[in-house]
Amino acid sequence: MRLTSRVALVTGAGHRVGRAIALALAGRGMRVAIHYNRSRADADGTAAAIRQLGTECDTFAADLGDAEAARALGPRVAARFGGLDVLINSAGIMTRASIEETTPELWDEVMNVNLRSAFFTVQGALPSLRAAKGKVVNLADVGGLEPWPKYAAHCISKAGVVMLTKTLARALAPDITVNAVAPGAVLPPDEWSDAARKHLASTTPLGRLGSPADVTAAVLYLLEGGDYVTGETIVVDGGRLIR
Ligand SMILES: NC(=O)c1ccc[n+]([C@@H]2O[C@H](COP(=O)([O-])OP(=O)(O)OC[C@H]3O[C@@H](n4cnc5c(N)ncnc54)[C@H](OP(=O)(O)O)[C@@H]3O)[C@@H](O)[C@H]2O)c1
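These lines cover the structure that appears in this document, whether it is placed above or below.

The rules behind these values
- Residues numbered from 1 in each chain as written.
- Predicted model: local features only at pLDDT ≥ 70, side-chain atom pairs only at ≥ 80, totals over all residues.
- Heavy atoms only, no water.
- Helix = DSSP H or I, 4+ residues; strand = E, 2+ residues; numbered from the N terminus.
- Expected span 1.5 Å × (residues − 1).
- Contact = heavy atoms within 4.5 Å.
- Phe/Tyr/Trp six-rings, centres within 6.5 Å; stacked < 30°, edge-to-face > 60°.
- Buried < 20%, exposed > 50% of the residue type's maximum accessible area, 1.4 Å probe, protein only.
- Lys NZ or Arg CZ within 6 Å of the ring centre and 35° of its normal.
- Salt bridge = Lys/Arg side-chain N within 4 Å of Asp/Glu carboxyl O.
- 1 Å grid on protein atoms, 1.4 Å probe; cavity = no way out; pocket = protein on both sides within 12 Å on 5 of 7 lines; lining within 4 Å.
- Points joined across faces, edges and corners; volume = space filled by probe spheres on them.
- Pairing = 2+ DSSP bridges.
- Axes fitted to C-alpha atoms, helices over the stretch in contact; angles between N-to-C directions.

## Digging into helix 7 (residues 212–225)
The first and last C-alpha atoms of helix 7 sit 19 Å apart over 14 residues, in line with the 20 Å expected at 1.5 Å per residue. Looking at the buried residues of helix 7, the elements they touch are helix 1 (16–27), strand 4 (86–89), strand 5 (135–139), strand 6 (177–183) and strand 7 (233–236).

Listed below in structure tokens is the structure:
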């Protein structure tokens, strides 16, 4: 897919990985819709950085834990930009909770924000994505491919993202491709100690933590080069899953 002048919606794009993806797409000349929930100032900052690259950008607030808000997001973006070609579902939460600590409320929040939101954002965006013969990329996690007992609901939700990707890919072919990127630790939570970061790097086969650029490279491949790829999850983890 040639990206220049096409329209991309990136959820959770105010900061961190979502922001890096939004900037990378703008760098290819895409017009970019920045979604945010709480981080309005950060979203405005991402939008300003994108406009400096000389491409069009706007911000859209939505709590994607609310299925109706998720469903409405794509149509809002399409109404503003005259269409929607690419949807990147990056919004998510990483909640640490063991089996014993997981309450029904925590379970619902994790599933709604990490999994249900992506399903209903795609569902709402379908008319535009079909018309554009568009592409969807979901952000999964290596935690969706290997179990971490201290992040039980998180892992289960991200395993759901992997199957969501396959199911949507099959249902929406041949019009729309749907793929996922499953990062390892590219940008650990800010509160992680240096010792924890060093330990993670030293136990990763490629000997370092990843960076948001490692994720954006995979996203760009799926959008620009992966026209014959659908239902796939690309693991970007420095080899942690094979150790
Ligand atoms: N960082 C990593 O190393 C890593 C590793 C593996 C997978 N991933 C995945 O990659 C994606 C991005 O990671 P990240 O580290 O950049 O995530 P992050 O820092 O936790 O940011 C998540 C984004 O999700 C949005 N969000 C949270 N709750 C929301 C809600 N109820 N409604 C709408 N948006 C909501 C936030 O928006 P606001 O701030 O505006 O509220 C935020 O922009 C996530 O799906 C994550 O699971 C990341």
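## A few points about the packing of aromatic side chains
In the structure shown here, the tally under the stated rule is 3 aromatic pairs. Summarising the aromatic geometry, the rings of Phe119 and Phe120 are spaced 4.9 Å apart at their centres and angled 75 degrees between planes, so their arrangement reads as edge-to-face. Residue classification places Phe120 among the buried positions, given a relative accessible area of 18%. In this structure, Arg80 packs its charged tip against the face of Phe81, placed 4.5 Å from the ring centre.

## Focus on the pattern of salt bridges
Pairs may arise between side chains of opposite charge once their charged atoms sit close together. The full count for this structure, using the stated rule, is 11 salt bridges. Of the charged contacts, one joins Glu56 and Arg80 as a salt bridge, the two residues approaching to 3.0 Å between their closest N and O atoms. Of this pair, Glu56 sits in the loop between helix 2 (40–52) and strand 3 (57–61) while Arg80 sits in helix 3 (residues 67–81), and the two are 24 residues apart along the sequence. Under the relative-accessibility criterion, Arg80 is labelled partly exposed at 33%. In this structure, a network of salt bridges that share partners links the residues Arg31, Glu56, Asp58 and Arg80.

## Thoughts on the layout of surface pockets
Roughly 1500 Å³ of volume is contained in the largest pocket. Lining the largest pocket are 47 residues, with Arg16, Gly92, Ile93, Met94 and His154 sitting closest to its centre. The element best represented in the lining of the largest pocket is helix 1, accounting for 3 residues.

## Details of the sheet that holds strand 3
Ordered by their spatial adjacency, 7 strands build an open sheet running 3-2-1-4-5-6-7, and the pairing between neighbours is parallel. Lying at the two open borders of the sheet, with one neighbouring strand each, are strand 3 and strand 7. The average undirected angle you get between the axes of adjacent strands in this sheet is 20 degrees. Here 4 bridges tie strand 4 to strand 5, and the two strands are oriented parallel to one another. When the sheet's bridge partners are listed, Asn89 is paired in strand 5 with Asn138. Along the sheet, helix 2 makes contact with strand 2 (31–36) and strand 3, crossing strand 3 at roughly 165 degrees. Strand contacts of helix 3: strand 1 (7–10), strand 2 and strand 3, with the helix running at about 150 degrees to strand 3, the strand carrying the most contacts.

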